[in-house]
Amino acid sequence: MTTILVTGGTGTLGRLVVERLRADGHEVRVLSRHSEPYAVDLRKGGAGLDAAVAGVDTIVHCASSQKGDEEAAANLIRAARGARVPHFVYVSIVGVDRVPFRYYKSKLAVERLVEESGLGWTVLRATQFHDLLVMMLQGLSKLPVLFLPAGLRDQPVEVAEVADRLAELAAGAPAGRVEDMGGPEVRTFESLARAYLKASGRRRAVVNVPLWGAAYRGFRSGGHLTPEQAVGTGSFEEYVARRFRSGQARAASGRGREGGKGRL
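Within any chain, residue numbers begin from 1 and follow the written order of that chain's sequence. Given that this is a predicted model, residues contribute local features only at a pLDDT of at least 70 and side-chain atom pairs are listed and counted only at 80 or more, while totals for whole chains, interfaces and linings are drawn from all residues. In computing side-chain values, all of the structure's heavy atoms are included and hydrogens and water are not.

Undergrad: Would you take a moment to explain the pattern of salt bridges for this structure?
TA: Oppositely charged side chains can form a pair if their charged atoms are brought close together. Salt bridges are identified by distance alone: a Lys or Arg side-chain nitrogen within 4 Å of an Asp or Glu carboxyl oxygen. Applying the stated criterion to the full structure yields 12 salt bridges. Across the pair Arg 242 and Glu 158 runs a salt bridge whose closest N-O atoms are separated by 3.0 Å. Of this pair, Arg 242 sits in helix α9 (residues 236-263) while Glu 158 sits in the loop between β7 (153-154) and α6 (159-171), placing them 84 residues apart in sequence. By relative accessible area, which is 39% here, Arg 242 ends up partly exposed. Here Arg 194 makes a salt bridge to Glu 190, at a shortest N to O gap of 3.0 Å. Pair noted here: Arg 194 and Glu 190 are both in helix α7 (residues 189-200), with a separation of 4 residues, about one helical turn. By the criteria applied, helices consist of DSSP H or I runs no shorter than four residues and strands consist of E runs no shorter than two, each listed in order from the N terminus. Each residue is placed in one exposure class: buried if its accessible area under a 1.4 Å probe, protein chains only, is under 20% of its type's maximum, exposed if it is over 50%, and partly exposed if it falls in between.

See below:
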C-alpha cells in the first residue's frame, strides 16, 4: 500500500485529493496547521514535519498562502530529502512565468525549488478554480455597481477535476512538468460575472474599468490562459447553478426548522 502525504489536506483542493486517494486504496496522511496527528506549520518546520514525512512514498503539496509559500516549501523539501521521499508532486498555476503578479512570482519560485530539490518531482499547473472566481465576484458585487477590470478573460476549471488529475499523478512515477490543465473554455470576465449574477439572483449594473500595471497587462494579454489545454469539462454555469441551488436548499431547510420550532 502506498503512503501519501497531502499538505493543505483540509483545504478546497487538498480535501478532494485526500478523498480520491483514499478511495483508490492509498494510505493518506493529512498535513495542515490544525489537523491532528499531523498538525504542522510548514513555515516553521521542525520535528512534527519530520515525523509526518517519515516513511512516505509521495508528497502532494497543495498547501498555499499569500505569504510564506517559499519558506514552507523549502522546509517541506528539506524534510522530504531527509526522509528520502521518492516523489514530490506540486500544484501550481498557469501563467506563473508570464504574469508578473506577486503571488505568481512566489509560486514560480516554489516550482524552481521543487525542480532543484534532487527529489523525483511532478509539477501540474492549472487555471484558477471556479470557487476562487465566485469568491472574487461575491466581494465585487457588494456594491450597487459591479466594477470589473476591463478586457480580462479567464478559463476557470472545476476543482474536483484538478483533484482527480493530482491523485492520478501522485499514484504514478515522477513525470517532471506535465501538461497544463485548463477549464473548458476561455471567457470574458464580464460574461462570467453576468453568469454569477444570474445564478445568485443579484441585479447589478456592470461597468468595465481599465486598470494599469505590469500584472494587469499580463492578465489582459492572456498569460494566465491555456486554450490549447482546455481539458476540463465542468462549466462555470454548471458550477454556480449547483452552488446556489445547494445554498437555497440549506436556507429553506433552516427556515423549515425555525418554523417547526415556532409551532411547538
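Undergrad: Please clarify how the environment of Tyr 104 should be interpreted in this entry.
TA: Along the chain, Tyr 104 turns up in helix α4 (residues 102-115). What makes Tyr 104 buried here is its relative accessible area of 3%. Separated by 14 residues in sequence, Tyr 104 and Tyr 90 have C-alpha atoms that sit 14 Å apart. We call two residues contacting when some pair of their heavy atoms lies within 4.5 Å. Contact partners of Tyr 104, with chain neighbours within four places excluded, come to Ile 93, Val 94, Gly 95, Val 96, Val 99, Gln 128, Phe 219 and His 224.

Undergrad: It is not clear to me how the sheet that holds strand β8 (residues 176-177) should be interpreted in this structure. Could you clarify?
TA: To summarise the sheet geometry, strands pair through backbone hydrogen bonds and adopt either a parallel or an antiparallel arrangement. On the basis of which strands lie adjacent, the open sheet formed by 6 strands has the order β2-β1-β3-β4-β5-β8 and parallel pairing. Looking at the sheet topology across the chains shown, the edges are occupied by β2 (27-31) and β8. The strands touched by helix α3 (residues 69-82) are β1 (3-7), β3 (58-61) and β4 (87-93); relative to β3, the strand with the most contacts, the crossing angle is about 175°. Convention adopted: a line fitted to C-alpha atoms gives each axis, helices being fitted over their contacting stretch, and angles between N-to-C directions are expressed from 0 to 180 degrees. Lying over the sheet, α4 contacts β4 and β5 (120-126), oriented at roughly 160° with respect to β4. At least two DSSP bridges between two strands are required for those strands to pair.

Undergrad: Would you explain the environment of Thr 127 in this entry?
TA: With respect to the secondary-structure elements, Thr 127 resides in the loop between β5 and α5 (130-140). A residue is classified by how much of its surface remains accessible, and Thr 127, at 3% relative accessible area, is buried. Put simply, Thr 127 and Asn 208 are 81 residues apart on the chain and 22 Å apart in space, counted from C-alpha to C-alpha. The contact partners of Thr 127, leaving out residues within four places of it in the chain, are Val 94, Gln 155, Pro 156, Val 157, Met 181, Gly 182, Gly 183, His 224 and Thr 226. A distance of 2.7 Å separates the side chain of Thr 127 from the backbone oxygen of Gln 155, its partner in a polar contact. Within the local environment of Thr 127, its side chain forms a polar contact with the backbone nitrogen of Gly 183, the two atoms lying 3.3 Å apart. Any pair of nitrogen or oxygen atoms within 3.5 Å is treated as a polar contact; in protein, a donor-acceptor pairing is required on top of that, and neighbouring residues in sequence qualify only through side-chain atoms on both sides.

Undergrad: Would you mind going over the packing of helix α1 (residues 14-23) against α6 with me for this structure?
TA: When two helices pack together, their arrangement is captured by the angle between the axes and the distance separating the axes. One can describe the packing of α1 onto α6 by two numbers: an axis separation of 8 Å at closest approach and a directional angle of 50°. The orientation of α1 relative to α6 falls into the category oblique. The handedness of the crossing between α1 and α6 comes out as right-handed. In this structure, α1 contributes Leu 16, Val 17, Arg 20 and Leu 21 to the contact, and α6 contributes Val 159, Ala 160, Ala 163, Asp 164, Leu 166, Ala 167 and Ala 170. Amino acid classes used here: Ala, Val, Leu, Ile, Met, Phe, Trp, Tyr, Cys and Pro are nonpolar; Asp, Glu, Lys and Arg are charged; the rest, including Gly, are polar. Each residue belonging to the contact of α1 with α6 can be placed in one class, and the counts come to 9 nonpolar, no polar and 2 charged. What sets the label is the angle itself: under 35 degrees gives roughly parallel, over 145 gives roughly antiparallel, 65 to 115 gives roughly perpendicular, and the rest give oblique. A crossing counts as left-handed when the near helix is turned anticlockwise from the far one by less than a right angle, and as right-handed when that turn is clockwise.

Undergrad: I'm lost on unusual backbone geometry in this one. Help?
TA: Only a minority of non-glycine residues have a phi that is not negative, and only a minority of peptide bonds are not trans. In this structure, the amide linkage connecting Glu 36 to the following residue, Pro 37, adopts the cis form with an omega of 5°. Of note, Pro 37 is situated in the loop between β2 and α2 (47-53). Unusually for a residue other than glycine, Arg 84 sits at a positive phi of about 55°. With respect to the element layout, Arg 84 can be found in the loop between α3 and β4.

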